[in-house]
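Listed below, chain by chain, are the residues.
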Amino acid sequence: GITSQIKWKGELSNPISEGQGIRQGAQSSSHCFKSRANKILYKIEDHPASLRIGTIRLGGVMVADDLAVMSNTVEGLQQLVFEAECDASRERYTYNIDKTRVQVIKEKKSADICNIQLNNNVLKLSTEETHVGIQRTSDGRNIMTVEARLKTARRTSYALMGAGLYGLNGTGPEVARHLWKIYIIPRLTYGLEALNLTHVEIKHLEKFYLEQLRYVQYMHKTTANAAVYLLIGLLPIQAQLDIKILCFFVSMLRRTSSIERKVFERQLAMKNMQNSHSWTVMVRQLLLQYGLCNAYDIYKDPPSKITWKRMVTSHVTSYWESKLKEEAAEKSSLCYLNIEKCSLMKVHHVWRIGAANQLTVTKASIHARLLTQRYPLHTNRTSGSSFDTPCPLCHGHESMSHFILECSVTEEIRKVYLEKLFLLLLNNHIHLPVGNEETIKLILDPTNHYGTSCILDKIMHISRDMCYHLHQRRSHLISRDIKIQ
């Protein structure tokens, strides 16, 4: 009863009756495909040579028209290939010999022992293949998959340059954070939840992730890692992966008749947490690490998708937020940052500028560098040592306090903005800071003082302008002196 019509130059042809096949993407297409494809899958699964984990048979995996067959022996694999060959002959379809490969996992002499034939043609032996987006290598390592994910994420970040994801001339970090969450992180972590990554492989991901977050925040490469995460309000890549793993784990258990659930049930009973590198053991360790439910309890009664995702996100965020705050508290360069007010769920006030213009982004970047003590003062260059570090303007000792509050050359600029700032505090019944350290904390991070979000934004606006004009005057005078010399 299916009919089609051809549309040409805005006009439709008469209905054409279709007596064979169905439309591409039709609602019943997947069911019709399964009714034909399941036959070969059941036959391979029931074959004695099919790969097994315990008593669970895993011989064939099909994704659309891509079929993978697995066996523990060369002879067994040849028998499974023959079954696929017979099904193709019976159902009148063909396998592409040039695209069909054989891969031997964790076998040193694979080239000598493997001689699999399909339609009287010897299949090529491959050391690495892509299956459902994951790079499978003969040595069983995941470094190729990680490199592929990094390549994809890097290309995505380049593609987003048109949306402003680049340097000081682009959008602010608040918008960049949104772009990262929606476009880059999903591509960076795609498929990795099904793998048991090593520390080295995770470090590869972390290195790229940190470099990019520093870049979109215009931060120096020596900025503390904790500050990079806490200011932009994003979880480390390890935490992002842990959330995906735990959500994938429960979604797998909710499918009560799936092979994955059966495998997990067996591994849960067989594998020891002390000396096993199984994916199941990794999940159990993550549940223990984040203080979540026991794996046995979740297996018996899997929670709903939304409930579990909220619980996992909350526990993982809380864990890493506490960890990063402890790390930040140990960094002397972050002494002006109000660590307790930082959150991994939202961007810090220093980056609350939205899709701002270039000047506002530049002001915020200078403010952030001062806050993390990576602004190029002479004291910062010598790491606070006892070397002589004169101010290039007044030749005093150039410290953070000197640059913001004491330098006589920039007194006129400072006086204007401090008057605005103190007047704003008095009008809103906020106590004035006592001493230079308290004043610097107020200027660099207004969350050190009480106030509503609206008041904090106003204080930040004044402080941002003050820091920028102090920087502008300092840079101008230094460049002029250099030209004169």
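Quick note: structure is the one above.
Residues numbered from 1 in each chain as written. Predicted model: local features only at pLDDT ≥ 70, side-chain atom pairs only at ≥ 80, totals over all residues. Heavy atoms only, no water.

(A) Expanded view of the overall build of the protein chain. Secondary structure assignment for the protein chain yields 18 helices and 14 strands. Relative to a compact globule of 485 residues, whose C-alpha radius of gyration would be 23 Å, the protein chain shows 31 Å and is clearly more extended. Dimensions of the protein chain, computed from C-alpha atoms along their principal axes, come out at roughly 90 × 70 × 50 Å. Within the protein chain, the fraction of its 485 residues that count as buried is 44%. Long-range contacts, defined here as pairs at least 24 residues apart, represent 59% of the contacts in the protein chain between residues at least 6 apart. As presented, the protein chain carries roughly 27400 Å² of accessible surface, and 52% of it is formed by carbon and sulfur atoms. (Helix = DSSP H or I, 4+ residues; strand = E, 2+ residues; numbered from the N terminus. Rg over C-alpha atoms; globule rule 2.2 N^0.38 Å. Buried < 20%, exposed > 50% of the residue type's maximum accessible area, 1.4 Å probe, protein only. Contact = heavy atoms within 4.5 Å. Areas by Shrake-Rupley, 256 points an atom, 1.4 Å probe, with all protein chains shown as cover.)

(B) The arrangement of the layout of surface pockets in detail. Estimated volume of the second largest pocket: approximately 840 Å³. Taken together, 31 residues line the second largest pocket, and the ones lying closest to its centre are H199, I202, Q238, D242 and W320. Of the residues contributing to the lining of the second largest pocket, the split by class is 16 nonpolar, 10 polar and five charged. (1 Å grid on protein atoms, 1.4 Å probe; cavity = no way out; pocket = protein on both sides within 12 Å on 5 of 7 lines; lining within 4 Å. Points joined across faces, edges and corners; volume = space filled by probe spheres on them. Nonpolar A, V, L, I, M, F, W, Y, C, P; charged D, E, K, R; others polar.)

(C) Up close: the packing of aromatic side chains. Per the counting criterion, the structure on display carries 10 aromatic pairs. On the basis of an interplanar angle of 80° and a centroid distance of 5.8 Å, the ring pair of Y319 and W320 is categorised as edge-to-face. When its relative accessible area of 9% is taken as the criterion, W320 is described as buried. Chaining the aromatic ring pairs together yields one cluster made of W180, F208, Y209 and Y229. In this structure, R261 is placed above the aromatic ring of Y299, and the distance from its NZ or CZ to the ring centre is 4.3 Å. (Phe/Tyr/Trp six-rings, centres within 6.5 Å; stacked < 30°, edge-to-face > 60°. Lys NZ or Arg CZ within 6 Å of the ring centre and 35° of its normal.)

(D) Geometry of the pattern of salt bridges. Considering all chains together, one arrives at nine salt bridges under this definition. Here E411 makes a salt bridge to R414, at a shortest N to O gap of 2.8 Å. Taken together, the residues span about one helical turn, with E411 and R414 both in helix α16 (residues 411-427) at a distance of three residues. Taking relative accessible area as the criterion, R414 reaches 1% and is therefore assigned buried. (Salt bridge = Lys/Arg side-chain N within 4 Å of Asp/Glu carboxyl O.)

(E) Looking closely at the side chain of Q217. For Q217, the location among the structural elements is in the loop between α6 (199-216) and α7 (225-232). For Q217, a relative accessible area of 0% translates into the label buried. A polar contact is formed between the side chain of Q217 and the side chain of W351, at a distance of 2.8 Å. Apart from residues lying up to four places away in sequence, Q217 is in contact with P173, V228, L231, I232 and W351. (Polar contact = N/O pair within 3.5 Å; in protein donor to acceptor, adjacent residues only side chain to side chain.)

(F) Spatial organisation of unusual backbone geometry. A positive phi angle is found at Y218, which is not glycine, with a value near 55°. Looking at the element boundaries, Y218 is found in the loop between α6 and α7. Residue classification places Y218 among the buried residues on the basis of a relative accessible area of 9%. For H429, which is not glycine, the phi torsion reads 60° and is therefore positive.

(G) Region of interest: the packing of α7 against helix α12 (residues 305-329). Close contact between α7 and α12 brings their axes to 9 Å; oriented N to C, the two are set at 130°. Taken together, the axes of α7 and α12 lie oblique to each other. As for the relative orientation of α7 and α12, their crossing is left-handed in sense. The segment α7 lies against α12, with N225, A226, Y229 and L230 engaging L324, E327 and A328. For the contact of α7 with α12, the residue count by class is five nonpolar, one polar and one charged. (Axes fitted to C-alpha atoms, helices over the stretch in contact; angles between N-to-C directions. Parallel < 35°, antiparallel > 145°, perpendicular 65-115°, else oblique. Left-handed = near helix turned anticlockwise from the far one by under 90°.)

The values are spatial; any link to function lies outside them.
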